[in-house]
Structures are given as C-alpha cells and as structure tokens.
Amino acid sequence: MAKTVYLYTVGCQMNVLDSELVASELLAAGYQLVHSPRAADVILLNTCSVRQHAEDKIYSALGRLKHAKQRRRQRIIGVLGCLAQKDQAQILRRAPHVDLVLGPGQLGRLREALEEIENGRGPVVYTSWPRTAGTRAEIARSFASFDPPRRSEVRAIRHQALVRVMFGCDKFCTYCVVPSVRGPEQSRPAAEIEAEVRRLADQGVVEVTLIGQTVNSYHDRSSGRSVRLADLLYRIHDTPGLRRIKFVTNHPNHMDDDLLMAVRDLPKVNPYFHVPAQSGSDRMLKLMKRGYTAAEYWQMLQRIRSIVPGAAITSDFIVGFCGESEEDFQQTVDLVRRARFKNCFIFKYSPRPGTKAAELLADDVPEPVKRLRNNQLLAIQNAISLEDNQALVGQFMEVLVEGPSKVGRKLCGPAAGQLVGRTRCDRIVVFDGQPELAGRIVPVLIQRAEAVTLFGALADCQPTPPLAACDACKAH
Ligand code: 5AD
Ligand code: SF4
C-alpha cells in the first residue's frame, strides 16, 4: 500500500511553492497525499520564522503531535523550512518525537532523509551553513535550489502557478531573519525559468507569479550575458497560453525605469507592484538598514505612477520597531495617507534572535502601543482602500477567475454559484457564475465595493486576447 503524507504549510509564497514541490516529488516517489495528520504515515510541517508568533504556532502544533507519534511509533514527523534552519537540533530538544529537521536549502535531500529514518538511522538534521561559516560560494552551495518536476494536482488553483526566479537575500535589514535562514541571494538561470513557464503553460497555467525575496534585484549572469527582471519579462511574455504575469516582492532600491517600462509595454504583465516601505520615518529606516529615506521611497512611488499610470501599489509596514516614537509613527501615518496604497500588510515588530536589531537594539515599544499603532494604521489604510475601490463601482474590469468563492465553496444552493477572481491590478472580485469559468478572463461590471473586495456581475461580451490594460486600471 502507498505510504501516506500530510503536509502542513505556513508562511510566505516561497513556502507555498516549496510545499508544492515537496508534494510533487513525494507523489512521484509513490506517496499519497492525505488531508488529515491522523491518516498519515509521514507528517511534515513546512515552517516560517519571520515572526515569533509563527514559531509559537509551530511549536504548539509539534506539542500536539507527540500523541500522534505515541499512537504509531513508525510515523515520521518532520519539520521543514525556515524554522528548521533557524533552530536546527534545538527542535529535537524541545520536541524529541521529531524525526526530521530539514532546512529550506536542503529540500533536495528529503527522500534520502526519509530513507535514513525508515532504516532506523534517525533523527536526521540536514541544514545549510551559517552565513559566516565559509566563502560566499560555499555558503550559497549549501542553500541548494530545489526544482523537481511539478505536478499540477498539488496546486490549490491549477491554472495559476508560482515560479521561483531567485532565492535568498543579501540585504540584511536589521530586523529580518530571512538572509540567515534562506541564505545568499541567488538568481536562477533565465533559460531554466523560461522552460518552466513554458511547461506550466502547456499544463494549462494562464497566470504565473515570479517570486523572490527581492525579485527586482534578479540578475542572471550564467549564460555570460546579463539578464535582469525586465529582460526576463520580455523573454517569457510570448509564451503560448500564458495570459498574465505578476512578480513579488520588490525592494524600493531596485525599481529601475527599465522594469517599469517593461510593465508599461508588456500587456500580459499586471500593473501591480508590491514594494514594502516598512516605515515613513528616516530614523527608523536607518535603524532598519533599509537603504533609502522616506523621501526616496516617495520619489520611487512617483516614478512608478508616472511610467505606469494607474498602477496598483501595495506595501508592508512594521510598527513598534526599536525606539519608534509617536513622531516616527506619525511619519509612517503620513506616508500611508499620501501614498494611497491599494492595501498594506502591517506587522508588529517581533525581535528575531540572531538579527542585528535583536542583538543591538532594545525592543522597547510596549505591546499595547504596538497593537494600537497597528490598528490605527490599518484603519487609515482601510478607509483609503474603501474610497479607491468605491471609485471603481460602475466600471467593467477584466477578471481572471480563480474558482468558487469561500462562501460558494461552503454553501450548496444559490450561493454555490459565487466565484472569486482578480483584476489586472490584483483586486479581488466576487460575482455569480459557473465554476467552469475558472481559469478564464471575463469582463465583470463592478456594482459594490468593500475595502478588500469588489462585488459585481458578469458582463456579456468576452474580451479578445491580447489584453490591453483594463479601463479601470488605467483610470485609477
Ligand atoms: N517583525 C515584524 N515584521 C517583520 N517582517 C519581517 N521581519 C519582521 C520582524 N522581525 C515583515 C516585513 C516584511 C514582511 C514579509 O514581514 O514587513 O516585509
Ligand atoms: Fe528581509 Fe530585508 Fe531581505 Fe526583505 S529585503 S527578505 S525584509 S532582509
């Protein structure tokens, strides 16, 4: 009988993709995926360590899995991903029933590790080198790229796919654990990415999202020629069957005009930029080592908007970073009010062991103040999102249908026909329609708006490819 595996994933899109690849590889090796840990011979948790809260959740899940192990001693419990790299063998001390600790740069050794454990040679800990343990090349090699053949059945939405174009980070923002758990910045060869996008489009994928921690610093030199993100967009743009291209996450210092012009000129590339500011205070930005001032970030926004009119821009902010005064926070509020982001992700600062901020700066903003600032900023952003979304009521938008909406999935009856999709500017749209529309781009008349969701109705006419920027995106 096939061995069964349950894979639980938390964290960013990099983790979502890693889990898809792990699932693809295990399926190819004859495993069967199951939806409950109870039914599984192998339980794998793909983890995140960007904030303390994410770690706490994993450790409490591991605590609960102790009984699962006691019930069946042969069951393998594995911790993959960023927490595995960060805490390494410490995980075995806190949760001795764990058999496997596998860092994100070691996923290629998963099958070898499972065999070792089955042969009684566990527990197994495979992690990459610390950032100070050798030359850059040696450390980079220890964070190996993991790109096995992909199976479409493991994707939540089959016609949309994430494509890794680079991994790791060399920015070392003082609060961030990513450079140590994901290793040095490495760009994948453009030819490999092109081939992957072609294979995905052949499987019926219509939208790819190129992902990297600082995706716009993508730089492949492997063929002897320099290929930047803008060049890559041109190279994949005409892939037959592909309709939309997105890329995340951008760093403000790499938002070159070449990239902006590529987004403007290539109809399949969405006019959408996720470009985290983190703070509106120069003092905080300096302590965070972000490498720009609030004025420089603002100028970058203006450049995006002048080259790509109507672009939707989203951002991340950290509130309550070390020493953040009320005045610093008000500068962030000011930036959020002026920038009119489509939406923002706001996080309370969480000290990460091993980072410069955790070592050198006091985490001195009290938790209630962090919470208050988080709520205040969110309320300001929500009001802006609502206002800007309301301006779209009455317009037709091109929507790529993802599938049944959450409500539609839960209910049988009339609401079961509710679909969810996204506009070119990455806005979420809910409307009634048949599930067979999943993967199609349809025109939707927007009738009502909330801060994060637009509601509309299918319009009759079908747009013909290639698609131009939709009017609503342009007008906005
Ligand atoms: N505390 C709080 N938020 C953090 N982020 C990264 N590190 C931390 C931390 N230590 C946020 C940043 C980043 C997003 C993915 O997570 O805003 O852009
Ligand atoms: Fe972390 Fe900064 Fe790198 Fe983003 S750019 S992953 S915040 S170190």
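This text gives an overview of the structure that appears in the document.

Definitions and limits used
- Residues numbered from 1 in each chain as written.
- Chains lettered and ligands numbered in written order.
- Predicted model: local features only at pLDDT ≥ 70, side-chain atom pairs only at ≥ 80, totals over all residues.
- Heavy atoms only, no water.
- Core = buried A, V, L, I, M, F, W, Y, C linked by side-chain atoms within 4.5 Å.
- Buried < 20%, exposed > 50% of the residue type's maximum accessible area, 1.4 Å probe, protein only.
- Contact = heavy atoms within 4.5 Å.
- Helix = DSSP H or I, 4+ residues; strand = E, 2+ residues; numbered from the N terminus.
- Arc of directions from axis to C-beta.
- Near = heavy atom within 4 Å.
- Nonpolar A, V, L, I, M, F, W, Y, C, P; charged D, E, K, R; others polar.
- Salt bridge = Lys/Arg side-chain N within 4 Å of Asp/Glu carboxyl O.
- Axes fitted to C-alpha atoms, helices over the stretch in contact; angles between N-to-C directions.
- Parallel < 35°, antiparallel > 145°, perpendicular 65-115°, else oblique.
- Left-handed = near helix turned anticlockwise from the far one by under 90°.
- Polar contact = N/O pair within 3.5 Å; in protein donor to acceptor, adjacent residues only side chain to side chain.
- Areas by Shrake-Rupley, 256 points an atom, 1.4 Å probe, with all protein chains shown as cover.
- Phe/Tyr/Trp six-rings, centres within 6.5 Å; stacked < 30°, edge-to-face > 60°.
- Lys NZ or Arg CZ within 6 Å of the ring centre and 35° of its normal.
- Expected span 1.5 Å × (residues − 1).
- Pairing = 2+ DSSP bridges.

**Section: the nonpolar core**
Step number 1: In terms of nonpolar packing, the biggest core is built from 56 residues, with Val 208, Leu 210, Phe 247 and Phe 273 touching the most fellow members.
Step number 2: Ignoring sequence-local partners within four residues, the contact set of Leu 210 consists of Val 163, Val 165, Val 215, Leu 229, Leu 232, Leu 233, Ile 236, Ile 245, Lys 246, Phe 247 and Val 248.
Step number 3: Among the nonpolar cores identified, the runner-up in size contains 41 residues, and Ile 76, Leu 392, Val 429 and Leu 437 belong to it.

**Observations concerning helix H9 (residues 229–237)**
Step number 1: Among all positions in H9, only Leu 229, Ala 230, Leu 232, Leu 233, Ile 236 and His 237 are buried. End-on view of H9: buried residues confined to an arc of 160 degrees, all on one side of the axis.
Step number 2: Contact partners of the buried residues in H9: helix H8 (190–202), strand S10 (207–211), strand S12 (227–228), strand S13 (244–248) and helix H10 (257–265).

**Here we look at the side chain of Glu 207**
Step number 1: With respect to the element layout, Glu 207 can be found in strand S10.
Step number 2: Ignoring sequence-local partners within four residues, the contact set of Glu 207 consists of His 159, Gln 160, Ala 161, Leu 242, Arg 244, Lys 246, Asn 270 and Leu 400.

**Details of the site of ligand 2**
Step number 1: Around ligand 2, the neighbouring residues are Cys 169, Lys 171, Phe 172, Cys 173, Tyr 175, Cys 176, Val 178, Pro 179, Gln 213, Thr 214, His 251 and Arg 290.
Step number 2: Looking at the shell around ligand 2, its residues break down into seven nonpolar, three polar and two charged.

**Let's talk about the pattern of salt bridges**
Step number 1: With the rule as written, the count across this model stands at 34 salt bridges.
Step number 2: Glu 116 serves as the salt-bridge partner of Arg 121, at 3.4 Å between the closest nitrogen and oxygen.
Step number 3: A salt bridge links Arg 373 to Glu 324, with the shortest nitrogen-to-oxygen separation between them at 2.9 Å. Placement of the pair is Arg 373 in helix H15 (residues 367–390) and Glu 324 in the loop between strand S15 (312–319) and helix H13 (326–339), with a sequence separation of 49 residues.

**Describing the packing of H13 against H15**
Step number 1: Between H13 and H15, whose axes approach to 10 Å, the crossing angle comes to 15 degrees. With respect to H15, the element H13 is oriented roughly parallel. The interaxial crossing formed by H13 with H15 has right-handed handedness. Residue-level contacts link Glu 326, Phe 329, Thr 332, Val 333, Val 336 and Arg 337 of H13 to Arg 373, Gln 376, Leu 377, Ile 380, Gln 381 and Ile 384 of H15.
Step number 2: By residue class, the composition of the contact of H13 with H15 is six nonpolar, three polar and three charged.

**Observations concerning the site of ligand 1**
Step number 1: Around ligand 1, the structure places Val 50, Arg 51, Tyr 175, Gln 278, Asp 316, Ile 318, Phe 347, Lys 348, Tyr 349, Ser 350 and Arg 352.
Step number 2: Tyr 175 places a polar main-chain atom, nitrogen or oxygen, 3.0 Å from a nitrogen atom of ligand 1.
Step number 3: Here ligand 1 has 410 Å² of accessible area as a free molecule, and 85% of this is covered by the chains.
Step number 4: Sorting the residues of the shell around ligand 1 by element identifies S15 and strand S16 (343–348) as the ones contributing at least two each.
Step number 5: When the residues that make up the shell around ligand 1 are grouped by side-chain class, the tally is five nonpolar, two polar and four charged.

**What about the packing of aromatic side chains?**
Step number 1: Evaluated as defined, the whole model comprises six aromatic pairs.
Step number 2: Note on Tyr 297 and Phe 341: the rings are 6.4 Å apart at their centroids and 55 degrees apart in plane angle, and the pair reads as tilted. Taken together, the positions of Tyr 297 in helix H12 (residues 294–307) and Phe 341 in the loop between H13 and S16 put the pair 44 residues apart, joining distant regions of the chain. This pair shows no difference in class: Tyr 297 is buried, exactly as Phe 341 is.
Step number 3: One aromatic cluster in this structure is built from Tyr 292, Tyr 297, Phe 317 and Phe 341.
Step number 4: Stacked on the ring of Trp 298, the Lys or Arg Arg 338 has its end atom at 4.3 Å from the ring centre.
Step number 5: Over the face of the ring belonging to Phe 455 we find Arg 448, whose NZ or CZ atom lies 4.0 Å from the ring centre.

**Some thoughts on H13**
Step number 1: Under the 1.5 Å per step criterion, the end-to-end length of H13 is 20 Å for 14 residues, consistent within 8% with the ideal 20 Å.
Step number 2: When H13 is considered as a whole, its buried residues turn out to be Asp 328, Phe 329, Thr 332, Val 333, Leu 335, Val 336 and Ala 339. Within H13, the buried residues cover an arc of 160 degrees as seen down the axis, which keeps them to one side.
Step number 3: Where H13 is buried, its residues meet helix H11 (282–288), H12, S15 and H15.
Step number 4: Positioned one or two residues after H13, Arg 340 has a phi angle of 50 degrees, which is positive.

**Structural notes on the sheet that holds S16**
Step number 1: With parallel pairing, the three strands of this open sheet are ordered in space as S14-S15-S16. Only two strands of the sheet have a single neighbouring strand rather than two, namely strand S14 (272–274) and S16. Ignoring strand direction, the axes of neighbouring strands in this sheet form an average angle of 10 degrees.
Step number 2: Pairing of S15 with S16 involves six bridges; the strand directions are parallel. Bridging across to S16, Ser 315 finds its partner in Cys 344.

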